[in-house]
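Working through the structure, step by step
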Number of protein chains: 2
Amino acid sequence: MKYNKKRSFGLVKTQFVSFNKPFVLSSGHKIPSLTVAYETYGSLNSDKSNAILICHALTGDAHAAGYHNPDDRKPGWWDDMIGPKKAFDTEKYFVICSNILGGCKGTTGPNSINPLTNKPYGISFPIVTITDMVRVQKMLIDYLGIPYLKSVAGGSMGGMQVLEWMALYPDLVKSSIVIASTSRLSPQAIAFDAVGRNAIISDPAWNKGNYYKKKKKPDRGLAIARMIGHITYLSEESMFKKFGRKLQNKKLFSYDHSIEFQVESYLHHQGKVFVERFDANSYLYVTRAMDYFDLVVEYGSLEKAFEKGKGKTLVISFTSDWLFPPKQSLEIVHALQRVGRDVTYCNIESPYGHDAFLLEFCQITRLISNFLSSLEKV
Amino acid sequence: MKYNKKRSFGLVKTQFVSFNKPFVLSSGHKIPSLTVAYETYGSLNSDKSNAILICHALTGDAHAAGYHNPDDRKPGWWDDMIGPKKAFDTEKYFVICSNILGGCKGTTGPNSINPLTNKPYGISFPIVTITDMVRVQKMLIDYLGIPYLKSVAGGSMGGMQVLEWMALYPDLVKSSIVIASTSRLSPQAIAFDAVGRNAIISDPAWNKGNYYKKKKKPDRGLAIARMIGHITYLSEESMFKKFGRKLQNKKLFSYDHSIEFQVESYLHHQGKVFVERFDANSYLYVTRAMDYFDLVVEYGSLEKAFEKGKGKTLVISFTSDWLFPPKQSLEIVHALQRVGRDVTYCNIESPYGHDAFLLEFCQITRLISNFLSSLEKV
């Protein structure tokens, strides 16, 4: 057993639920049926008041905590945060995480079989939005018989889903935790997404999205998209500390076309391992959903988006995050304050850039534990 | 005549000089012969004391000012700065600009014919460094019969060449102007370069660098490299002001796979026009030369690099430049001060990011005019 039972939730299985009725998307397009992949940790209490929904980021999935197999080398993506005595304490809370609509880890997305054609959707899959993702999560919550959520929490694109939950289902969200997120991406962030998508569709192996049965997949394009993304997840400072200008397994330049710097090697590695776990079409859909997300356009203003909700909100940002910069978190905080909402904000001093939401778990744990405890007292 | 004669140097021709002897590079590799493309503006005075060398950046060329043809829509890349009564006043100075070694605009590079094989070098062209580029410029200066340079000036990678001139030929550089540059790239900047190169070599049309006689060139890969680069040349602020989240020729999202945002359309356009004017192999070589450049590694310290020179230096940076951030200019300034050099530093308040060195010409003109005038008085 590779994992430490005392610190981990332990073994867990991804579960699936299918909704065999048409689902109409924000775009007006329809999907004939839906499957949602999800995991749960802990138990729903008798009055169904302890459910917490965790929303994952761009490349996450339903496997947020614990291990699928005793031999797994790595636990779920937020295992540091979810488990017994952790921030999302599974001895107290019933924690749920589901794969997003448009994803590639069990919930219906472009790599799913279209029941009308018996072939993978590919890019015939309709465009999805963060709102669509949240509406699918709501269907899951209903299916699980949960009347309301004690809290909804997520970082990065997960935070966008939290914000959408607050606006779309104000009565069901008793509290919310928004980490390293934004009510709308900056044009710079859209630009990085656009170049990543361009790298994928420029790969001849992408083949207009029809590659699922081909031997060659658009791995090169997807790897480049991931490398671009990865630079934006780190900060200049953390790259400097981690790599500096150090060379890769050599003391002098090779003066050839090989990899010279550690930072180059690191990015190559990140690209390489990513293509083994993610679907290129899904990357197109999910980054586009992020680009579209704009609470101001959707509700008229941030104030209007937040005015119907009542619960407390915890907003966390990181000083060195330049992809979802602190000022974007502050916009959310100020809008919540203007409509009289109870909001706690912390801008954590961290060198890790956007990735801090997956790394600074000691500080985030303290904030979230205190925040969730403060709800008990009410 | 599209140009205004009063404000432009006017018509100019690119000239070429060939050096038919082997040139040994920093790597130890050899090129059997060399051609250098260059332009000159103004006249060398009788005591040969008014020559100023302009060093171009990554995608620049020898055509720094004036027009090649009366019908040209655009003048040379730094026409705002070079001409009668401009910062580099061609009524006073003999201004020279040459295409860099490894470039693709007339000076020997990977797209040149290897005289030993009668085929384009492709990636058999040896790796070049900033030092190699500067040594080739020195050959040109010697060929032109110029004993020393009144000034050497350049922005971005052009500034790297200026710094290398200061270190390599301290007696020949009477003054120097370093704009938006650095003594060594940050790992973040290396990372962006590495992903750009990866996009090129991942394009099947790159064909290990052998595409010169093919119909299909690695345009897709090169366009992606350019798009990545372009994001780093702008600032978050300038992108926000220029594009915000505005849609491209539409009021509502199309919810399809077309271009939705103006910023996406802009980047696509930048990629598209770039491949018409630049060679993909050259992009690999020149970005690598930038990555290699490190005065500290080359000379032991910045102080050692600068201690032999005597002339004045003007260092200019831009507040919103995050690719070559002001702190890197300050490192140069402080090292010059520590070895007792006369240095003037200005960090220009500008929203335009790294591109400011091509845009803030009013402010740069004032600084450079004053700087060059101050040399006259000595």
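Residues numbered from 1 in each chain as written. Chains lettered and ligands numbered in written order. Predicted model: local features only at pLDDT ≥ 70, side-chain atom pairs only at ≥ 80, totals over all residues.

1. Some thoughts on the overall build of chain A
Put simply, the rule reads: A run of H or I in DSSP becomes a helix once it reaches four residues, and a run of E becomes a strand once it reaches two; helices and strands are each numbered from the N terminus. Computation of the radius of gyration draws on C-alpha atoms, with the globule rule given as 2.2 Å multiplied by the number of residues to the power 0.38. Each residue is classed by its C-beta neighbour count within 10 Å, where at least 20 other C-beta atoms makes it buried, 12 or fewer makes it exposed, and intermediate counts make it partly exposed; the C-beta atoms are placed from backbone geometry. Placing C-beta atoms from the backbone, we regard two residues as in contact once those atoms come within 7 Å.
Counting its regular elements, chain A contains 12 helices and 14 strands. Computed over its C-alpha atoms, the radius of gyration of chain A comes to 21 Å, within 12% of the 21 Å expected for a compact globule of 378 residues. In terms of overall dimensions, chain A has a C-alpha envelope of 65 × 50 × 50 Å along the principal axes. Residue burial in chain A is summarised as follows: out of 378 residues, 56% are buried. Long-range contacts, defined as pairs at least 24 residues apart, comprise 72% of the intrachain contacts of chain A with a sequence gap of at least 6.

2. Details of unusual backbone geometry
Residue and element names in this part refer to chain A. Unusually for a residue other than glycine, Lys85 sits at a positive phi of about 65°. Inspection of the secondary structure assignment puts Lys85 in the loop between β6 (82-83) and β7 (88-89). By the C-beta count within 10 Å, which is 12 here, Lys85 ends up exposed. With a phi angle near 45°, Ala180 is a residue other than glycine that sits in the positive phi range. Tracing the backbone shows Ala180 in the loop between β12 (175-179) and α3 (187-202). By the C-beta count within 10 Å, which is 33 here, Ala180 ends up buried.

3. Examining the nonpolar core
Here is the rule we go by: A set of buried Ala, Val, Leu, Ile, Met, Phe, Trp, Tyr and Cys residues, joined through C-beta atoms within 7 Å, is what we mean by a nonpolar core.
Within the largest apolar cluster, 231 residues are counted, with the highest numbers of intra-cluster contacts made by Ile54 and Val195 of chain A together with Ile54 and Val195 of chain B. If you tally residues by element for this core, the top one is α3 of chain A, at 9 residues. Here Ile54 of chain B is in contact with Ala64, Trp78, Ile82, Phe88, Val95, Ile96, Cys97, Ala153 and Gly154 of chain B, once residues within four sequence places are set aside.

4. Thoughts on the environment of Lys272 of chain A
Residues and elements named next belong to chain A. Looking at the element boundaries, Lys272 is found in helix α6 (residues 262-275). Of the residues examined, Lys272 has 13 C-beta atoms within 10 Å and is grouped as partly exposed. For the pair formed by Lys272 and Ser254, sequence separation is 18 residues and the distance between their alpha carbons is 23 Å.

5. Points about the pairing of strand β14 (residues 343-348) of chain B
All names here are of chain B. Test applied: Strand pairing is defined by DSSP finding a minimum of two bridges between the two strands. For a crossover, the right-handed case is the one in which the path from the first strand over the helix to the second runs clockwise, viewed with the strands pointing away from the viewer.
Where strand β13 (residues 312-318) lies against β14, 6 bridges are found, and the strand directions are parallel. Within β14, the position partnered with Thr313 by the bridge is Val343. Assessed by its sense of winding, the connection that carries the chain from β13 through helix α10 (residues 326-338) to β14 is right-handed.

6. Quick word on the relation of the copies chain B and chain A
As a reminder, the rule being used: For the least-squares superposition of copies, only C-alpha atoms count, and only for residues with pLDDT at least 70 in both.
Once chain B is rotated about the relating axis by 180° and shifted along it by 0.0 Å, it coincides with chain A to within an RMSD of 0.0 Å. On this basis, the relationship between the two copies can be described by a two-fold rotation axis. Of the residues that chain B buries at the interface, 100% are likewise interface residues in chain A, meaning the two copies contact each other through the same surface.

7. Here we look at the environment of Leu149 of chain A
All names here are of chain A. In this structure, Leu149 sits in the loop between α1 (130-143) and β11 (151-155). Leu149 sits in the buried class, given 25 other C-beta atoms within 10 Å. Remark: the alpha-carbon pair of Leu149 and Val339, spanning 190 residues in sequence, is separated by 21 Å.

8. Overview of the pairing of strand β13 (residues 312-318) of chain A
The buried fraction of β13 of chain A amounts to 7 of the 7 residues, a majority that puts the element mostly inside the structure. On β13 of chain A, burial covers both faces: Lys312, Leu314, Ile316 and Phe318 of chain A on one face and Thr313, Val315 and Ser317 of chain A on the other are all buried.

9. Side note on the sheet that holds β11 of chain A
Residues and elements named next belong to chain A. Here is the rule: Lines fitted to the C-alpha atoms define the axes, with helices restricted to the stretch that makes contact. Angles between their N-to-C directions range from 0 to 180 degrees.
Across the sheet, which stays open at both edges, the 8 strands sit in the order β1-β4-β8-β5-β11-β12-β13-β14 with mixed pairing between neighbours. Looking at strand neighbours, the two that pair on one side only are β1 (15-19) and β14 (343-348), the edges of this open sheet. Taking each pair of neighbouring strands and ignoring which way they run, the sheet shows an average axis angle of 20°. Where strand β5 (residues 51-55) lies against β11, 4 bridges are found, and the strand directions are parallel. Each residue of the ladder has a partner; that of Ile52, found in β11, is Ser151. Packed on one face of the sheet, helix α2 (residues 157-168) meets β5, β11 and β12 and runs near 150° to β11.

10. Remarks on the sheet that holds strand β5 (residues 51-55) of chain B
All names here are of chain B. Reading across the sheet, the 8 strands line up as β1-β4-β8-β5-β11-β12-β13-β14 and stay open at both edges, with mixed pairing between neighbours. At either margin of the open sheet sits one strand with a lone partner, and together these are β1 (15-19) and β14. Adjacent strand axes in the sheet meet at a mean angle of 20° when their direction is disregarded.

11. Describing the packing of α3 of chain A against helix α6 (residues 262-275) of chain B
As a reminder of what qualifies: Each angle is binned into one of four classes, with values under 35 degrees roughly parallel, values over 145 roughly antiparallel, values of 65 to 115 roughly perpendicular, and all other values oblique. Handedness of a crossing follows from how the near helix is turned relative to the far one, being left-handed for an anticlockwise turn of less than a right angle and right-handed for a clockwise one.
The interhelical angle for the contact between α3 of chain A and α6 of chain B, taken along N-to-C directions, is 50°, at an axis separation of 9 Å. Classed by the angle they form, the pair α3 of chain A and α6 of chain B counts as oblique. The hand of the α3 of chain A/α6 of chain B crossing is right-handed. On α6 of chain B, the residues that touch Pro187, Ile190, Ala191, Ala194 and Val195 of chain A of α3 of chain A are Val263, Glu264 and Leu267 of chain B.

12. Overview of the domain arrangement of chain A
Quick note on the threshold: Segmentation into domains, and thus their bounds, comes from an automatic or database assignment.
With domains assigned, chain A is organised as domain 1 (15-184 + 294-377) and domain 2 (190-285). Averaged C-alpha coordinates put domain 1 of chain A and domain 2 of chain A at centres separated by 26 Å.

13. Notes on the interface of chain B and chain A
Test applied: Polar here means any residue other than Ala, Val, Leu, Ile, Met, Phe, Trp, Tyr, Cys and Pro, which are nonpolar, and Asp, Glu, Lys and Arg, which are charged; Gly is therefore polar.
Of the residues lining the interface, 38 residues belong to chain B; the matching set on chain A comes to 38 residues. Contributions of two or more residues to the side of chain B that touches chain A are made by α3 (187-202), α4 (219-233), α5 (236-242), α6 and α7 (280-292) of chain B. Ranked by the residues each element gives to the side of chain B that touches chain A, the list is headed by α3 of chain B, at 10 residues. For the side of chain B that touches chain A, the residue count by class is 23 nonpolar, 7 polar and 8 charged.

14. What to know about the confidence of the model for chain A
Worth spelling out the cut-off: Per-residue confidence from the prediction method is given by pLDDT, with values spanning 0 to 100.
In the predicted model, chain A carries a mean pLDDT of 96, and 98% of its residues have values of at least 70. Here the complex is predicted with pTM 0.96, and the ipTM for its interfaces comes to 0.95.

15. Side note on α2 of chain A
Rules: Each helix should span, by expectation, one fewer than its residue count multiplied by 1.5 Å.
Its 12 residues place the ends of α2 of chain A 16 Å apart at the C-alpha level, agreeing with the 16 Å of an ideal helix rising 1.5 Å per residue. Most of α2 of chain A sits inside the fold, with 11 of its 12 residues counted as buried.

16. So, the packing of α3 of chain B against α7 of chain B
Residue and element names in this part refer to chain B. Where α3 meets α7, the axes come as close as 10 Å, and the angle between the chain directions of the two elements is 160°. In terms of axis orientation, α3 runs roughly antiparallel to α7. With respect to the hand of their crossing, α3 and α7 are arranged in left-handed fashion. Contacts between α3 and α7 involve Ile190, Asp193, Gly196, Arg197 and Ile200 on the former and, on the latter, Ala280, Tyr283, Leu284, Thr287, Met290 and Asp291. Here the residues of the contact of α3 with α7 sort into 6 nonpolar, 2 polar and 3 charged.

17. Description of α3 of chain B
Counted at 1.5 Å a residue, the expected span for α3 of chain B with its 16 residues is 22 Å, and the 22 Å between its end C-alpha atoms agrees. Counting buried positions over the 16 residues of α3 of chain B gives 15, a clear majority of the element.

18. A look at the environment of Lys216 of chain B
With respect to the element layout, Lys216 of chain B can be found in the loop between α3 and α4. The exposure class assigned to Lys216 of chain B is exposed, which follows from the 12 C-beta atoms found within 10 Å.

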